[in-house]
Amino acid sequence: MNKVVIYPGRFQPMLSHHAEVFKQLQTQFPDADVYIGTSDKVELPKSPFNFKEKQQIAAAHGIPADRVLAVTRTYHQEDYAKYFDPAKTTIIFAVGEKDLDRFPFS
């Protein structure tokens, strides 16, 4: 079974500490592919960057653009099915404690 780690969020904008977390996840999970999960939602002034701009900002931090995935709901595993076959992939979400309540489970 394939293993994927997804670091979800708004990333408005992605800053150096976000890039550092991404790199730490790559080290912590050497047997998995690590990705950023984010949306294309633009809502001024809180969320000014669209998906392509977020990819460019991530690339400026050394994260390849193909490691930044566009999804509508970043904390919903089923939204990543267009990228990963759920029957063949274990998805691990990497989030801070403050974001645990964003997941759709009780």
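In case you missed it, the structure is sitting above this.
First, a word on scope: everything that follows refers to the structure included in this document.

Calculation criteria
- Residues numbered from 1 in each chain as written.
- Predicted model: local features only at pLDDT ≥ 70, side-chain atom pairs only at ≥ 80, totals over all residues.
- Heavy atoms only, no water.
- Buried < 20%, exposed > 50% of the residue type's maximum accessible area, 1.4 Å probe, protein only.
- Helix = DSSP H or I, 4+ residues; strand = E, 2+ residues; numbered from the N terminus.
- Right-handed = clockwise from strand over helix to strand, strands pointing away.
- Phe/Tyr/Trp six-rings, centres within 6.5 Å; stacked < 30°, edge-to-face > 60°.
- Core = buried A, V, L, I, M, F, W, Y, C linked by side-chain atoms within 4.5 Å.
- Contact = heavy atoms within 4.5 Å.

## Notes on the pairing of strand S1 (residues 2–8)
Most of S1 is tucked away, with five of its seven residues classed as buried. Handedness of the crossover is the feature at issue here: the chain leaves S1, passes through helix H1 (residues 16–28), returns alongside strand S2 (residues 33–38), and the resulting connection is right-handed.

## Some words on the packing of aromatic side chains
Two numbers describe a pair of aromatic rings. These are the distance of the centres and the angle of the planes. In this structure the tally under the stated criterion is four aromatic pairs. Judged by centre distance (5.2 Å) and plane angle (80 degrees), the ring pair of Tyr7 and Phe11 falls under edge-to-face. As far as the burial class goes, Tyr7 and Phe11 line up, both buried. Members of the aromatic cluster, each reached through a chain of ring pairs, are Tyr35, Tyr83 and Phe84.

## Description of the nonpolar core
Val5, Met14, Leu25, Ile36, Ile63 and Val68 are the most contacted members of the largest nonpolar core, which has 16 residues in total. Within the residue set of this core, elements represented by two or more residues are S1, H1, S2 and helix H2 (51–60). If you tally residues by element for this core, the top one is H1, at three residues. If we skip the residues at most four places from it in the chain, Ile36 touches Tyr7, Phe11, Met14, Phe22, Arg67, Val68 and Leu69. Formed by eight residues, the second largest nonpolar core is a distinct cluster that contains Ile6, Tyr35, Phe84 and Ile91.

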